[in-house]
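Each chain, letter by letter, is given below.
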Amino acid sequence: MVDPVETATEALLFLKKRVYNSIISDFVMPDMDGISFLKEVRSINTNIPFIIFTAFGDESTVIDALNNGADFYLKKNYDILIQFFELIQIVKMLVARVHSEELLRKSEEKFRTIAECSNDWVYWINPHGSMVYISPSCERITGYNQEEFYLDPGLRDRIVFLEDITVWDTYKITCSNERIPISLDFRIIHKNGSIRWVRHTCQQVFGSNGQYVGLVANILDISSLKDIEAQVLCERNNFLEIFRASPVGLLLINKDTEITKANDAFSTMVLHEPADIIRKRAGGGLFCVHSLEDPRGCGYSSSCPACPLRNGIEAVIRDKTRIHDGIIALNLVIRGTPEQRWLKINAEPVDIEGEGYVIVAIDDITKLCQIDDALRESEERYRSLFENMLEGYVYCQMLYDTKGNPNDCICLDVNDAFGQLTGLKEVKGKLISEVVPDVMEETPELFDICNSVVVTGEPTKFEINFTPLHIWLQISVFRPKEGHFVAVFENITERKLANEALVSINHKLNLLSNIIRHDIGNELQVMLGYLEIIGYNELDPKLQEHIRRINISAQNIGQLLAFSKDYQNIGVKVPIWQDVKSAITRIVNSMGSTSIRIEIDIFGVEIYADPLVEKVYYNLIENACRHGEKISQIRFYGREDVGGYVIVCEDDGIGIPDEYKKKIFNREYFKHTGFGLNLSREILDITGITIQETGTPGTGAKFEILVPRGKYRFIGLGE
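What counts, and at which threshold
- Residues numbered from 1 in each chain as written.
- Predicted model: local features only at pLDDT ≥ 70, side-chain atom pairs only at ≥ 80, totals over all residues.
- Heavy atoms only, no water.
- Helix = DSSP H or I, 4+ residues; strand = E, 2+ residues; numbered from the N terminus.
- Expected span 1.5 Å × (residues − 1).
- Buried < 20%, exposed > 50% of the residue type's maximum accessible area, 1.4 Å probe, protein only.
- Arc of directions from axis to C-beta.
- Pairing = 2+ DSSP bridges.
- Axes fitted to C-alpha atoms, helices over the stretch in contact; angles between N-to-C directions.
- Contact = heavy atoms within 4.5 Å.
- Parallel < 35°, antiparallel > 145°, perpendicular 65-115°, else oblique.
- Left-handed = near helix turned anticlockwise from the far one by under 90°.
- pLDDT = per-residue confidence, 0-100.
- Phe/Tyr/Trp six-rings, centres within 6.5 Å; stacked < 30°, edge-to-face > 60°.
- Lys NZ or Arg CZ within 6 Å of the ring centre and 35° of its normal.
- Polar contact = N/O pair within 3.5 Å; in protein donor to acceptor, adjacent residues only side chain to side chain.
- Salt bridge = Lys/Arg side-chain N within 4 Å of Asp/Glu carboxyl O.
- Core = buried A, V, L, I, M, F, W, Y, C linked by side-chain atoms within 4.5 Å.

Draft legend 1. Layout of helix 17 (residues 444-456). In this model helix 17 runs 19 Å from its N-terminal to its C-terminal C-alpha over 13 residues, within 8% of the 18 Å that 1.5 Å per residue would give. Looking at helix 17, one finds that the buried residues are Leu446, Phe447, Cys450, Asn451, Val453 and Val454. Down the axis of helix 17, the buried set is contained in an arc of 155°. They therefore lie on one face. Within helix 17, the exposed residues directed more than 90 degrees away from the buried face are Asp448 and Val455.

This is the structure in structure tokens:
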């Protein structure tokens with residue numbers, strides 16, 4: 001539709017009311033010229049095509065019109081029809097151009113709006129390699145703004161992470177040669193120095209005429225995605241590492257009930273490599289005897305439908321249930337031989353990379369079951385022993401007062417022998433003060449000993465006159481757990497009475513022996529006195545020989561009397577702990593001065609021996625002095641050995657021939673040594689101590705006294 005008007009002012013009013021595709025104006029008009037009208041139009045609409053169609057004006061007018069925004073200048077002539085068609089073509093051309101520009105503008109506006117509002121970084125590179133557009137998101141992803149990229153064309157390449165430059169350069173070449181979109185994940189260095197992962201997608205762009213107009217790139221920050229992928233990979237690796245290193249046998253079974261993974265613990269359990277286990281069902285992987293009955297493996301034997309392992313795994317897969325601490329017995333082929341094994345089974349359904357699996361933990365508890373059976377049998381034997389043992393047994397808990405002193409105990413358990421030996425009945429669960437009311441007052445030491453065991457945990461054994469019941473008891477006490485003790489005892493009243501009777505008899509026998517020995521000694525002294533009076537010089541030589549032999553016999557009788565006195569005292573007194581150095585020192589001091597040097601190199605050692613052990617040291621010194629001949633030194637020293645503690649007495653005399661070493665401890669053997677060494681051996685034997693001669697003949701005698709473990713102790717230097 002065309003609206004003709006006569007003045008420019010009227011035309012301006014029409015423009016404000018309606019939209020027109022073009023304006024055709026004369027140069028000379030009543031109210032204003034064409035240039036002024038053009039300026040007014042352009043203040044209202046900058047894009048509408050404006051054509052000056054006039055018969056007036058010169059070249060300067062044309063230039064002025066074009067400079068002020070006229071789109072075309074057409075001068076009128078006298079061929080109206082030709083100019084009419086020419087004007088139509090000009091209008092069509094200008095309207096089409098404006099329409100195309102509008103479409104392009106809108107397209108560019110849409111592209112720019114999308115690009116600038118998108119989180120992705122978009123840029124456009126023209127065929128010459130220059131960036132013609134960069135979206136603002138470049139700053140969010142790289143830290144650099146649009147201006148920095150426009151001013152520095154090489155910045156795009158410099159932000160690529162050093163280790164990814166090679167793949168980036170190859171990728172750029174590929175982008176230039178490929179018409180299809182291609183992508184690359186690589187790292188860039190953010191302006192703040194941090195490393196970012198980006199996904200770069202490149203696409204060649206072509207115009208409507210097929211002409212190449214450049215590359216458009218879309219860059220997405222995928223750092224978070226990479227972090228998630230790394231976390232997933234880490235978790236997967238952790239899972240696989242835990243799976244592999246678990247001390248319990250693990251199987252990963254897929255939805256078809258086939259084993260896809262088996263860890264080292266499982267391989268060790270069945271004594272087969274993982275390659276022999278995977279792709280089999282659970283029974284086949286365990287080498288169940290039934291899985292070998294059919295060539296197809298687990299699940300095809302007539303026994304398989306009743307298999308608890310197979311049915312349990314299928315239920316976990318089907319119902320997403322779980323198996324917790326299931327215990328089953330299976331016959332497995334181990335080293336080619338069927339063996340019954342007890343297995344503890346745990347199974348859980350899991351999803352791995354979108355697929356459903358079952359993790360099965362299998363622990364071979366056969367040994368534990370065997371131990372449990374053995375323990376059950378042991379407990380039964382213990383209970384039988386407990387109920388049938390001849391010794392009394394009482395299990396108690398110690399009780400204390402507010403100051404922490406033991407003041408009572410409660411009987412938790414007793415055996416039948418307890419009542420038989422003590423005469424006490426129905427004591428289980430009662431206080432000892434209820435059962436024996438005067439126990440604390442009459443035997444306080446009993447509580448002290450039992451409490452010491454409870455506190456220290458050190459077991460002990462002792463005898464006690466249990467006056468509340470008028471019996472003697474031998475008691476062994478130990479601590480089974482904190483605050484409790486067990487006492488095992490036997491009634492030794494009869495033995496004590498027998499010992500007392502034996503002591504009385506021995507006392508009488510010793511008294512009789514002392515009287516007889518004393519009287520014989522007196523008579524022997526009279527005999528020796530008369531022999532001395534008789535003399536030798538005035539008698540017949542044969543008679544002198546007879547008298548000499550009588551004198552020797554009398555002296556031997558004296559030695560026998562002395563030996564009988566010493567032997568009588570062996571074992572009479574209870575063995576005691578004795579300091580070795582102190583005992584030897586006392587013997588040396590009692591022997592008076594001598595030219596032989598005696599050294600004692602033993603410090604801080606006590607031995608448990610008969611009180612007569614000092615006679616052993618005396619006999620060793622006396623024999624060395626008497627028979628050593630060239631002796632000048634005797635040395636005592638000690639050492640700890642495998643068998644115990646060795647006390648050594650060594651001299652530098654002539655020594656003892658090898659053929660006599662074992663015989664010298666017999667009575668009156670080798671050089672008539674008397675009863676000294678024989679007596680020494682008997683004294684030491686009371687507490688299990690042994691003696692032997694180990695010297696080298698010609699260099700001196702060497703006696704080694706071996707004190708067994710438990711019969712010696714170290715008390716420290718100076719004690």
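Draft legend 2. View of the sheet that holds strand 12 (residues 337-352). Here we have five strands laid out as an open sheet, ordered 10-9-13-12-11, and antiparallel in their pairing. Only two strands of the sheet have a single neighbouring strand rather than two, namely strand 10 (259-262) and strand 11 (323-334). Taking the axes of each pair of neighbouring strands and ignoring which way they run, one obtains an average angle of 30° across the sheet. Note that strand 11 and strand 12 share ten bridges and pair antiparallel. Bridging from a neighbouring strand, Ile323 pairs with Ala347 of strand 12. Strands in contact with helix 12 (residues 308-319) are strand 9 (249-254), strand 11, strand 12 and strand 13 (355-364); relative to strand 11, the strand with the most contacts, it is inclined by about 135°.

Draft legend 3. Region of the structure containing the packing of helix 21 (residues 613-627) against helix 22 (residues 676-685). The contact between helix 21 and helix 22 brings their axes to 9 Å, and the two run at 150°. Put simply, helix 21 runs roughly antiparallel to helix 22. Classified by chirality, the crossing of helix 22 by helix 21 is left-handed. Contacts from Val613, Lys615, Val616, Asn619, Leu620 and Asn623 of helix 21 reach helix 22 at Gly676, Leu677, Leu679, Ser680, Ile683 and Leu684.

Draft legend 4. Broad picture of the confidence of the model for the protein. Residue-level pLDDT values for the protein average 82, and 86% of them are 70 or greater. Across residues 669-674, where pLDDT falls below 50, the model places 14 contacts with residues more than four positions away in sequence or in other chains.

Draft legend 5. Summary view of the packing of aromatic side chains. Overall, the coordinates contain 14 aromatic pairs when judged by the stated rule. Measuring from ring centre to ring centre gives 6.4 Å for Tyr617 and Phe636, while their planes differ by 85°; the resulting arrangement is edge-to-face. Taken together, the positions of Tyr617 in helix 21 and Phe636 in strand 22 (residues 633-640) put the pair 19 residues apart, joining distant regions of the chain. There is no split in this pair, since Tyr617 and Phe636 are both buried. Ring centres of Tyr645 and Phe714 lie 5.9 Å apart, and the angle between their planes is 80°; this geometry places the pair in the edge-to-face category. Taken together, the residues Tyr645 in strand 23 (residues 644-651) and Phe714 in strand 26 (residues 712-714) connect sequence positions 69 residues apart. Its relative accessible area of 5% is what places Tyr645 among the buried residues. Clustering of aromatic rings is evident, with ring pairs tying together Trp121, Tyr123, Tyr144 and Phe149. When the ring centre of Trp197 is taken as origin, the NZ or CZ atom of Lys226, which lies over that ring, is 4.5 Å away. In this structure, Arg713 packs its charged tip against the face of Trp577, placed 4.2 Å from the ring centre.

Draft legend 6. Spotlight on the sheet that holds strand 5 (residues 131-134). Read from one edge of the open sheet, five strands run 5-4-8-7-6, paired in antiparallel fashion. Bordering the open sheet on either side are strand 5 and strand 6 (182-189), each of which pairs with just one other strand. Across the sheet, the mean angle from the axis of one strand to that of its neighbour is 25°, orientation sign disregarded. Sheet analysis places strand 6 next to strand 7 (residues 195-206), joined by eight bridges and oriented antiparallel. When the sheet's bridge partners are listed, Leu184 is paired in strand 7 with His200.

Draft legend 7. The environment of Ile557, seen in detail. For Ile557, the location among the structural elements is in helix 19 (residues 541-569). Assessed through its relative accessible area of 36%, Ile557 is described here as partly exposed. In this structure, the C-alpha to C-alpha distance between Ile557 and Ile520, residues 37 residues apart in sequence, is 9.2 Å.

Draft legend 8. Summary view of the side chain of Asn254. Mapped onto the elements of the fold, Asn254 is located in strand 9. Polar contacts involving the side chain of Asn254 include one to the main-chain amide nitrogen of Asp256, which spans 3.0 Å.

Draft legend 9. Geometry of the pattern of salt bridges. The full count for this structure, using the stated rule, is 31 salt bridges. Among the salt bridges present, the one from Glu482 reaches Arg479, with a minimum N-O distance of 3.9 Å. Owing to a relative accessible area of 27%, Arg479 belongs among the partly exposed residues under this scheme. Linking Glu622 and Arg626 is a salt bridge whose minimum nitrogen-to-oxygen distance equals 2.2 Å.

Draft legend 10. Quick look at helix 21. Here helix 21 is 15 residues long and its end C-alpha atoms lie 22 Å apart, about the 21 Å a rise of 1.5 Å per residue gives. Buried within helix 21 are the following residues: Val613, Val616, Tyr617, Asn619, Leu620, Ile621, Glu622, Asn623, Ala624 and His627. The first or second residue beyond helix 21 is Glu629, which carries a positive phi of 60°.

Draft legend 11. Spotlight on the nonpolar core. Ile607, Tyr617, Ile647 and Phe703 are the most contacted members of the largest nonpolar core, which totals 37 residues. Going through the elements one at a time, helix 20 (580-590), strand 21 (605-609), helix 21, strand 22, strand 23, helix 22 and strand 25 (702-708) are the ones with two or more residues in this core. No other element matches the six residues that helix 21 contributes to this core. Once you skip the residues sitting within four places of it in the chain, Phe703 turns out to touch Leu620, Ile647, Val648, Cys649, Ile656, Ile664, Phe665, Leu677, Ile691, Gln692 and Glu693.

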